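For reference, the chains in residue letters:
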Amino acid sequence: MLKKKEKYTVAVVGATGAVGNEMIMTLEQRDFPVEKLRLFASERSEGKTLEYKGSQVKVESLTPDSFKGIDIALFSAGGSRSAEWAPVAAKSGCVVVDNSSQWRMDPEVPLVVPEVNPHDLKWHKGIIANPNCSTIQMVVVLKPIHDAAKIKRVVVTTFQSVSGTGKKAMDELMEQTRDILSFKEPQCNVYPHQIAFNILPHIDVFLEDGYTKEELKMVNETKKILGDDSVKVTATTVRVPVFRCHSESLNIETEKKLTANETRAVLSEAPGIVIYDAPEKNIYPMPVDVTDKDDTYVGRVREDDTIENGINMWIVADNLRKGAALNAVQIAEKLVEMAE
Ligand SMILES: NC(=O)c1ccc[n+]([C@@H]2O[C@H](COP(=O)([O-])OP(=O)(O)OC[C@H]3O[C@@H](n4cnc5c(N)ncnc54)[C@H](OP(=O)(O)O)[C@@H]3O)[C@@H](O)[C@H]2O)c1
């Protein structure tokens, strides 16, 4: 458990990456009670500096002693780094909030979205997992509907931005776009195919059954966060040439009937959601409007009359904020509230 203090020593591991950068900004914007900020990345970045509240903070590389004196560590340096270093950090007495998929399905590790299951923070043993970006925004919306009408099944198709893959993928989309518009052959290094002016129905690796690991994450993580194995989820995850924000088409089948108006009413009372739904005025959530926003935006709410109790909707959230950095910082804020 975190010991109550006025201010905390906070570490960001993976500070030079897409999520790490956003974490530093989010800590600053939300005025998290930081006594001292320590930044870590690979040896390649050692000695670089990054700005926090007008000061330059040096980037360090990790050593077994790095976590001494650190209260909270926000990890976003990839699964193998989390596998190696999160236990080291936890053993040093620091609470880890980990963004990788390494610990998410470990029964000893809570998987938390603060709007949905903050109570799970009570049983952490030093490591708390931040869910997958596409799962986070979906469960923010599913939770109030599940409470109101009990969800039986969800069919989700995602439209995920390249920042979900990290900084190199953002650079690749930029370079390919530039090359194609200059009649040059685009180079593919991050994805197996060109992403500029294209769509890839492929996120993470393919499994034997034909699904991808990203699709499986959405299925398993949703059940764990909602604490209900009976909710059936089937997913198709798709990469689109957008820099920021994941969009999702959701088809939700419930036990109890909810009309479109009742669904909007339930969602408008829930935390972390903005209803952005006036199709007669061409108002619906889009990545360009939701970039840098904290909430999950919901639009195109309509009844599915092909099943007894079904609702369709379109949701968009900023994957680097709610899908990663913000969710991690909100977990840290909850830990501070619970500190004794
Ligand atoms: N992007 C998203 O929307 C999103 C959402 C949820 C979760 N995540 C997860 O967050 C993690 C980071 O994602 P990202 O998108 O920020 O990736 P990224 O832009 O590629 O950044 C990776 C970070 O990890 C650091 N790193 C690499 N090797 C390291 C090592 N040996 N020791 C210490 N640090 C090392 C990098 O440092 P250098 O700059 O020195 O190489 C960089 O700071 C991944 O686990 C990802 O799955 C991402």
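For the structure itself, look to the data block above.
Described below are features of the structure shown in this document. (Residues numbered from 1 in each chain as written. Predicted model: local features only at pLDDT ≥ 70, side-chain atom pairs only at ≥ 80, totals over all residues. Heavy atoms only, no water.)

As for helix α6 (residues 260-269)
An α-helical turn contains 3.6 residues, so any two residues separated by three or four positions project in the same direction.
Next up, step 1: By the burial criterion, the buried members of α6 are Ala260, Thr263 and Leu267. What you see down the axis of α6 is that its buried residues fit within an arc of 60 degrees, all on one side. For α6, the exposed residues set more than 90 degrees away from the buried face come down to Asn261 and Glu269.
Next up, step 2: Elements that come into contact with the buried residues of α6 comprise α3 (133-149), β11 (273-275), β12 (296-303) and β13 (310-317). (Buried < 20%, exposed > 50% of the residue type's maximum accessible area, 1.4 Å probe, protein only. Helix = DSSP H or I, 4+ residues; strand = E, 2+ residues; numbered from the N terminus. Arc of directions from axis to C-beta. Contact = heavy atoms within 4.5 Å.)

Describing the site of the ligand
Next up, step 1: Taken together, 25 residues lie near the ligand, and Thr16, Ser42, Arg44, Ser45 and Ser163 sit nearest.
Next up, step 2: Here an oxygen atom of the ligand and a side-chain polar atom of Ser42 are 2.6 Å apart.
Next up, step 3: Within the side chain of Arg44, one N or O atom sits 2.8 Å away from an oxygen atom of the ligand.
Next up, step 4: Summarising the interface, the protein chains cover 79% of the accessible area of the ligand, which totals 900 Å² for the free molecule.
Next up, step 5: Only α1 (18-29) and α8 (321-338) provide two or more residues apiece to the shell around the ligand.
Next up, step 6: Residues belonging to the shell around the ligand are distributed by class as follows: 8 nonpolar, 14 polar and 3 charged. (Near = heavy atom within 4 Å. Polar contact = N/O pair within 3.5 Å; in protein donor to acceptor, adjacent residues only side chain to side chain. Areas by Shrake-Rupley, 256 points an atom, 1.4 Å probe, with all protein chains shown as cover. Nonpolar A, V, L, I, M, F, W, Y, C, P; charged D, E, K, R; others polar.)

Thoughts on the sheet that holds β11
Next up, step 1: One open sheet accounts for 6 strands, arranged β9-β8-β10-β13-β12-β11; its pairing is mixed. Every interior strand has two partners, whereas the edge strands, β9 (232-239) and β11, have only one. Across the sheet, the mean angle separating the axes of adjacent strands is 20 degrees when strand polarity is ignored.
Next up, step 2: As defined by bridge partners, strand β8 (residues 151-160) adjoins β9 across 8 bridges and the pair is classed as parallel. (Pairing = 2+ DSSP bridges. Axes fitted to C-alpha atoms, helices over the stretch in contact; angles between N-to-C directions.)

Looking at the state of the cysteines
Next up, step 1: Under the criterion given, the structure shown has 0 disulfides.
Next up, step 2: There is no disulfide at Cys133, and the cysteine sulfur nearest it, in Cys245, is 11 Å away.
Next up, step 3: When its relative accessible area of 0% is taken as the criterion, Cys245 is described as buried. (Disulfide = S-S within 2.5 Å.)

Considerations on the packing of aromatic side chains
Next up, step 1: Applying the stated criterion across every chain yields a total of 4 aromatic pairs.
Next up, step 2: Summarising the aromatic geometry, the rings of Phe40 and Phe67 are spaced 6.0 Å apart at their centres and angled 35 degrees between planes, so their arrangement reads as tilted. One end of the pair, Phe40, is in strand β2 (residues 34-41); the other, Phe67, is in the loop between β4 (55-61) and β5 (72-75), and 27 residues separate them in sequence.
Next up, step 3: For the ring pair Phe67 and Phe75, a centre distance of 5.8 Å and an interplane angle of 15 degrees mean the geometry is stacked. (Phe/Tyr/Trp six-rings, centres within 6.5 Å; stacked < 30°, edge-to-face > 60°.)

Things to note about unusual backbone geometry
Next up, step 1: With a phi close to 90 degrees, Cys245 is a non-glycine residue in the positive phi region.
Next up, step 2: By the secondary structure assignment, Cys245 is in the loop between β9 and β10 (246-254).
Next up, step 3: Even without a glycine there, the phi angle at Asp292 is positive, about 75 degrees.

Notes on the sheet that holds β2
Next up, step 1: Pairing in this open sheet of 7 strands is mixed, and the strands run β3-β4-β2-β1-β5-β6-β7 from one edge to the other. The two strands at the open ends of the sheet, each matched to only one other strand, are β3 (49-52) and β7 (127-129). Between one strand axis and the next, the sheet turns by 25 degrees as a mean value, whatever way the strands run.
Next up, step 2: Where β2 and β4 come together, 3 bridges link them in parallel fashion. Across the sheet, residue Leu39 finds its bridge partner in β4, namely Val59.
Next up, step 3: Its contacts with the sheet put α8 on β1 (8-13), β5, β6 (95-98) and β7, and the angle it makes with β5 is roughly 165 degrees.

Comments concerning the pairing of β13
Next up, step 1: With 7 of its 8 residues buried, β13 lies for the most part within the structure.
Next up, step 2: Of the strand pairs in this sheet, β10 and β13 are connected by 8 bridges, and their pairing is antiparallel. Residue pairing in the sheet places Glu248 in a bridge with Ile315 of β13.
Next up, step 3: Where β12 lies against β13, 5 bridges are found, and the strand directions are antiparallel. Across the sheet, Val298 pairs through a bridge with Ile315, a residue of β13.

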